[in-house]
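# Fold and contact review
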Amino acid sequence: QVQLVESGGGLVQAGGSLRLSCAASGSIFSINAMGWYRQAPGKQRELVAAITSGGSTNYADSVKGRFTISRDNAKNTVYLQMNSLKPEDTAVYYCNAAIATMKYGMDYWGKGTLVTVSS
């Protein structure tokens, strides 16, 4: 059984920073891509940032230059450093990872962590 557990969300003023963490645990054989998605009220879930096992990254245009994704492969953990936060960054942030166990590979999701940016 594999679990993804996010942490680090909260309330912050516009211009502030937060760091999200997501740790994968369980019967993990390997982890390929990891990423962060977000879903604001009344909107569809969207990709924020993703990182491959080799460290290649991609970002949504709306967060380029403000957010940085990184990972610690030894800890099966992905991070999202969010700087210069804006009210429009308010959303539930979800961690996603493509994980292979000894039996199969599939995408896993965390339960989400709420980020609220006040103006």
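Description of the structure in this document. A quick note: this is a predicted structure, and the numbers were derived from the prediction, not measured.

Reading the values: the criteria
- Residues numbered from 1 in each chain as written.
- Predicted model: local features only at pLDDT ≥ 70, side-chain atom pairs only at ≥ 80, totals over all residues.
- Heavy atoms only, no water.
- Helix = DSSP H or I, 4+ residues; strand = E, 2+ residues; numbered from the N terminus.
- Buried < 20%, exposed > 50% of the residue type's maximum accessible area, 1.4 Å probe, protein only.
- Areas by Shrake-Rupley, 256 points an atom, 1.4 Å probe, with all protein chains shown as cover.
- Lys, Arg positive; Asp, Glu negative; His and termini not counted.
- Charge placed at Lys NZ, Arg CZ, Asp CG, Glu CD.
- Disulfide = S-S within 2.5 Å.
- Core = buried A, V, L, I, M, F, W, Y, C linked by side-chain atoms within 4.5 Å.
- Pairing = 2+ DSSP bridges.
- Axes fitted to C-alpha atoms, helices over the stretch in contact; angles between N-to-C directions.
- Phe/Tyr/Trp six-rings, centres within 6.5 Å; stacked < 30°, edge-to-face > 60°.
- Lys NZ or Arg CZ within 6 Å of the ring centre and 35° of its normal.

### Quick word on the overall build of the chain
In terms of regular secondary structure, the chain is built from 0 helices and 11 strands. Along the chain, helices (α) and strands (β) appear in the sequence β-β-β-β-β-β-β-β-β-β-β when read from the amino end. The proportion of buried residues among the 119 residues of the chain is 39%. Surface accessibility of the chain: about 6500 Å² in total, with carbon and sulfur atoms responsible for 49%. The chain carries 11 positive and 7 negative side-chain charges, and their two centres are separated by 4 Å.

### So, the state of the cysteines
By the definition in use, this model includes 1 disulfide. Covalent S-S linkage joins Cys22 and Cys95, the inter-sulfur distance amounting to 2.1 Å. Here the S-S torsion is close to -80 degrees, and the disulfide linking Cys22 with Cys95 is therefore left-handed. Of this pair, Cys22 sits in strand E3 (residues 18-26) while Cys95 sits in strand E9 (residues 91-100), and the two are 73 residues apart along the sequence.

### A word on the nonpolar core
Grouped together as the largest cluster of nonpolar side chains are 30 residues, with contacts concentrated most on Trp36, Leu80, Met82 and Tyr93. Going through the elements one at a time, strand E1 (2-7), E3, strand E4 (30-39), strand E5 (46-51), strand E7 (67-72), strand E8 (77-82), E9 and strand E11 (113-118) are the ones with two or more residues in this core. Counting residues per element, this core draws most heavily on E9, at 5 residues.

### Quick look at unusual backbone geometry
Backbone geometry at Asn76 places phi at a positive 50 degrees, although glycine is not the residue there. Take Asn76: it is sitting in the loop between E7 and E8. Even without being glycine, Ser84 reaches a positive phi, approximately 50 degrees. For Ser84, a relative accessible area of 41% puts it in the partly exposed group.

### Remarks on the sheet that holds E8
If you trace the 4 strands from one edge of the open sheet to the other, you get E1-E3-E8-E7, paired in antiparallel fashion. Strands with a single pairing partner mark the edges of an open sheet, and in this sheet they are E1 and E7. With strand direction ignored, the average angle separating the axes of adjacent strands in the sheet is 15 degrees.

### Thoughts on the packing of aromatic side chains
Summed over all chains, the structure comprises 1 aromatic pair. Cation over ring: Arg45 sits above Tyr94, and NZ or CZ is 3.7 Å from the ring centre.

### What to know about the pairing of E5
Regular strands place their side chains on alternate faces of the sheet. Pairing of E4 with E5 involves 5 bridges; the strand directions are antiparallel. By the bridge assignment, Met34 is partnered in E5 with Ile51. Taking the residues that link successive antiparallel strands as the turn, the E4-E5 hairpin has 6 residues, and the phi of Gly42 there is positive, at about 75 degrees. With 3 bridges connecting them, E5 and strand E6 (residues 57-59) associate as antiparallel partners. Bridge pairing in E6 links Ala49 to Tyr59. Between E5 and E6, which pair antiparallel and follow one another directly, the connecting turn spans 5 residues, one of which, Gly55, has a positive phi of 100 degrees.

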